[in-house]
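# Descriptive structure summary
Listed here are the chains, written in short residue letters.
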Amino acid sequence: MIYDDLLQTVVALAEKADSREVAANEDFGLELDGKIIYDSCKATSPEGPIEINLTRDYARPPFEWLAEITLDGKPFRHFLLTSEQTVIETYGKQVLPVSEQDAKWLLAVLNSADV
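Time to look at the packing of aromatic side chains. For the structure on display, the rule yields two aromatic pairs. Ring geometry for Y38 versus W65: centroids 5.7 Å apart, planes at 55°, classification tilted. With Y38 in strand β2 (residues 36-45) and W65 in strand β4 (residues 65-71), this pair connects stretches of sequence that are 27 residues apart. The exposure class assigned to Y38 is buried, which follows from its relative accessible area of 14%.

Structure follows, in structure tokens:
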């Protein structure tokens, strides 16, 4: 399943990253006792810079995504791997399903990335 391949790839990229940032609970005003919400790393690909955010288990819910992938190239694209094992693309408040073709393209971009 493409979802599993995408999730495994972003986790592998994050684990390979020399530098990771974290987003603290205070950044979101949630009641999670000062815990870290997600880990973040940056990668590069021929398509441009990529930011990967992986939520911690205890942050789901309220977060409904396991991984957030932001491609900061042209065009800018923002994807979420949800806890329902779907891949969606967001533009502001608009949420769109991702086609199998786009999911395979995203996987190829991530496979070409380096941290």
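Counting 27 residues, the largest nonpolar core has L6, V10, I50, I69, L81 and L110 as the members making the most contacts within it. Of all the secondary structure elements, the ones that give two or more residues to this core are α1 (2-16), β2, β3 (48-55), β4, β5 (77-82) and α2 (100-111). Among the elements that make up this core, the one with the highest residue count is α1 (seven residues). Look past the residues within four positions of L81 in its chain and what remains in contact with it is Y3, L6, L7, V10, W65, L66, A67, I69, T86 and V87. Core analysis: the second largest hydrophobic core is formed by seven residues, I37, Y38, A59 and F63 among them.

The subject of this paragraph is the pattern of salt bridges. Inspection of every chain in the model, using the stated rule, returns six salt bridges. Of the charged contacts, one joins K42 and E51 as a salt bridge, the two residues approaching to 3.4 Å between their closest N and O atoms. The exposure class assigned to K42 is partly exposed, which follows from its relative accessible area of 48%. Judged by relative accessible area, E51 falls into the partly exposed class, the value being 27%. One continuous salt-bridge network, built from bridges that share partners, spans R77, E89 and D102.

Cut-offs applied
Residues numbered from 1 in each chain as written. Predicted model: local features only at pLDDT ≥ 70, side-chain atom pairs only at ≥ 80, totals over all residues. Heavy atoms only, no water. Phe/Tyr/Trp six-rings, centres within 6.5 Å; stacked < 30°, edge-to-face > 60°. Helix = DSSP H or I, 4+ residues; strand = E, 2+ residues; numbered from the N terminus. Buried < 20%, exposed > 50% of the residue type's maximum accessible area, 1.4 Å probe, protein only. Core = buried A, V, L, I, M, F, W, Y, C linked by side-chain atoms within 4.5 Å. Contact = heavy atoms within 4.5 Å. Salt bridge = Lys/Arg side-chain N within 4 Å of Asp/Glu carboxyl O.

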